Every structure is written in structure tokens, then in C-alpha cells.
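Spelled out, the chains give:
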Amino acid sequence: MKSEHKLFKGKTLAILSGGGDTPAINSSIESIRNRASLLGFKVYGIRKGWKGLLGEGDIVDLTHQPYDGWYGGTALRSSRTNPFPSKKNPESRVPQILQNLKRYKIDVLVTIGGDDTNGAAKRLYETEGIPVIGFPKTIDNDLRTRTMHNYNGNNIEAVLCPGFPSAAKAIAEFTGNLKTTAESHSRIMVLEVMGRDAGWLTGSALFGGANLALIPEFEITKERKEFFFETVKEAYLRSPKKMLIIPVSEGVRWYDDKSDKVDVVYASSELDEYGHPRFGGISGIIATEISQKLGIDARSQITGYYARSGRCSEYDRRLTTTLADKVVDLLLREEYGQMPVMDKIVSHHELEEFNTSKVDMGSIGNKPLSTDYYDVNKFEFTDAYIDFLTSILGKPQFTDFEYDFPVVIPKG
Ligand code: F6P
């Protein structure tokens, strides 16, 4: 296409990524860049999220640059910078941001982020009229995308955010590997999984062979804790190899015997610019209590940043390109303040633009795990959740070794 025939000749689109990284951000950036370039946009990258629009600005030109969308993380880097005043930073950075958007002649801004980054973008759109398009991103999968999951004829409100499929795959593989050491020592492994206040990611450990699980959406009160220990004991004794892997969300609300309170475990009391503390350490507490109360050898393992690390999965790659196709639609219609989403939960080969839709960025917010996906009375994810995740990861593959050798009894 000759440049003089391009629709948006002379216009500039800039992309930024904010918040925690995921393996699918570079894929999102590359896909948006490729499509916007075809339309005739010059494409800039703003480095370190909103921070790259402060001071003198930190902007790079992505228009004709090679870009590896399979490489995890974000080549534009990220930060948790909040343009608006917060407890940590009472000063508004909006004037600096507006000035830089003007100086660099940025016409459209695409913000790859979760609730925080896209929430700030929405405010800039509403209060300052900046043309923004949000792009979903989070391993926590807790950004309300209004993606419907049809399960046995019922529609469940699910979420599908780029980054989650790769992270879920990583957690499933991690759990599958952990199984061999847990088996060798007849242990209970308490596996801590990121996800902040939502249990979406924790469930992916099921695809590596875990059974019972604890999620932040249902707090563990004094009574429920007793019941949980009983359930763990029964499950352990029933297990053929005398071992269990129990995934627990980092944000689990757990009853503390000493303080007589239910609370989360913080890794640090320091809040980020959006007011979030950092969670971490609950798995150690639960493993210690299991050992003490049940007399079963238990250990903790934190999966931490492993979920966010490494290459983009095939599902995420196609998901991000599909959502970038929807960005084209929004750009052509000049519809701003919107975020492309998948309409329904579909398998890899159905990730197509005709299955996408858009949500008003004013209505995004957080979406905890749907109650249909977790059975509080059994501490288990339900068949509906398994169906949801099977669409994304495919059928779980368990490797097993039946080493039930005949026992030798000495003669005589
Ligand atoms: O929101 C993504 C996430 O990975 C959460 O699951 C986790 O609680 C948090 O980010 C960790 O943040 P940081 O990268 O600041 O340690």
C-alpha cells in the first residue's frame, strides 16, 4: 500500500504497558504495531508505562523495527506509575502527561494493562479527552472482560486476559514436575500461586495433578480451617501414593490462631502507587500448621514470578493477535475509551475477530473467580472450571509411573 493512500497518514499511535509483566505483552505490542502500521500510523513505544510520559518523556519509534512477539515480558518495560494523585505520590502527573502527548504529537494512546493502567487511561479519556484504547493484560485474569463461558447450556461470566493462558500453562507444568519430589517423600506440598485477590490462576495447578485448593474469594475462618484440615487428612490417606499438592492463592484469607483474626499474609507493608500491598508467605504458614496439626510431612513452595516468566504460549499469541484485529476496528471507527475483549471462551482455533467485542473502559473493574468454578464445601475447583481451562490449555496431560512393585517377604 502506498503511504499516500493510507487512511491515517501522518497520525501517530503510541503504546505503553503498565503493571506486572506477562509473557504476552510483547506479542500484544507487536500485533498492535503491525496492524496500526498497515493503516498508516507511525507507531511509538512509551517506555516504563506512564513514567515514560513524565519529564522529558521516554519514547521510542517502533514503526519499522524488528520485534520478537514470542519473547516474554515487555521490551517497552513497565512500572506501576499512577498519573493521578495517590497516597504514595500526592502530586498529579496529568499536566506532564498532557504536555508530552502534545510535544511528541501522539494522536492515539493504546494502554496495555490491567485495572490500574486502563483505569487511569479511562480517566484521561473522560477528563481530558485523550483518545485511548485499552488492551487487557494480567496473569491474575481478574480484569472484567465480560467473556461468557457456555457450560452445559449455562452461561457463566468468565474472564480471558492475555497473559493468563501462558501463566496457567507454566503453573500446570510446575505442578506436574513437583509431583515427583512430593511422591518420593510422601509429602504434602503447599504450592503458593500469584493472582492477588483472585483465584483464577491457582486453579491451573489442577492441570498438573493438584486436587484441593484455597482461593482468596472464600476466607478460611476458624471453623472452616478445622474442616479444611479434616479434608486434607482424608484426601492424603486416600491418595494412592500418599502425597498431595495443595495450591493456595497468595491472597488467601487465613485464620490466625494467635491473633484470632482472618487476614492475608503480606510480603511487604509498602503500598504501590495504586494502593496495593504485596502478598507472600501464606504457603509456609499453611504447611507448618498441616505438619503440626496432622503429623504429616508438609513443605511449602512459592511459584512466584515463574508464572510470569518465559515465552508467550501459542494460545496467548493468537489471542493477542485476535484482539489486535479488534483494535483495527476501533481505530477505523475512531471509537475511543473502549477495550477489545473475547466475547466467549473458545479454543485456540476459534480465536477469530468475529468472536471479539469491546467493553467500555468505564465498566472494566475487577472480577473475582465465579462461584460456579469453585466448590467451597470440598475446597475443589469444579468441572465447570476444568471445562473453562480445557478450552485454553487443552485436555490436561498427566504423567504417571505405577511403581507398585510386589513386596518381598523373607522366607524362613
Ligand atoms: O498483578 C500481577 C502480579 O503478578 C500479582 O499476581 C502479584 O501479586 C503482583 O503482580 C506482584 O507484583 P510485583 O511485580 O510488584 O512484585
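Just so you know, these numbers come straight off a predicted model, no measurement behind them.

**Focus on the sheet that holds strand β9 (residues 244–249)**
Inference 1: Read from one edge to the other, the open sheet built from three strands follows the order β9-β8-β14, with strand pairing classed as parallel. The open sheet is flanked by β9 and β14 (298–302), the only strands paired with a single partner. Averaged over neighbouring strand pairs, the angle between their axes works out to 25° when direction is ignored.
Inference 2: Direction of pairing for strand β8 (residues 188–193) relative to β14: parallel, over a ladder of five bridges. From the neighbouring strand, M189 faces β14, where its bridge partner is R299.
Inference 3: Contacts between helix α5 (residues 222–238) and the sheet are confined to β8 and β9, with β9 contributing the most and set at about 150° to the helix.

**Quick word on the packing of aromatic side chains**
Inference 1: Counted according to the given criterion, the structure contains 19 aromatic pairs.
Inference 2: Ring centres of F218 and Y374 lie 5.6 Å apart, and the angle between their planes is 15°; this geometry places the pair in the stacked category. Placement of the pair is F218 in the loop between β8 and α5 and Y374 in strand β17 (residues 374–375), with a sequence separation of 156 residues.
Inference 3: Since its relative accessible area comes to 4%, Y374 is described here as buried.

**Topic: the pattern of salt bridges**
Inference 1: Taken as a whole and assessed by the stated rule, the structure comprises 24 salt bridges.
Inference 2: In this structure, R47 engages D58 in a salt bridge whose closest nitrogen and oxygen atoms are separated by 3.1 Å. Note that R47 is positioned in the loop between β2 (42–46) and β3 (59–61) and D58 in the loop between β2 and β3, a separation of 11 residues in sequence.
Inference 3: Note on D58: relative accessible area 26%, which makes it partly exposed.
Inference 4: E352 is the partner of R318 in a salt bridge, and the nearest nitrogen-oxygen pair spans 3.1 Å. A residue pair is termed long-range when its members are at least 10 positions apart, and R318 in helix α7 (residues 314–333) and E352 in the loop between β15 (338–342) and β16 (356–360) qualify at 34 residues.

Cut-off values and rules
Residues numbered from 1 in each chain as written. Predicted model: local features only at pLDDT ≥ 70, side-chain atom pairs only at ≥ 80, totals over all residues. Heavy atoms only, no water. Pairing = 2+ DSSP bridges. Helix = DSSP H or I, 4+ residues; strand = E, 2+ residues; numbered from the N terminus. Axes fitted to C-alpha atoms, helices over the stretch in contact; angles between N-to-C directions. Contact = heavy atoms within 4.5 Å. Phe/Tyr/Trp six-rings, centres within 6.5 Å; stacked < 30°, edge-to-face > 60°. Buried < 20%, exposed > 50% of the residue type's maximum accessible area, 1.4 Å probe, protein only. Salt bridge = Lys/Arg side-chain N within 4 Å of Asp/Glu carboxyl O.

Any link to function would need more than the numbers given here.
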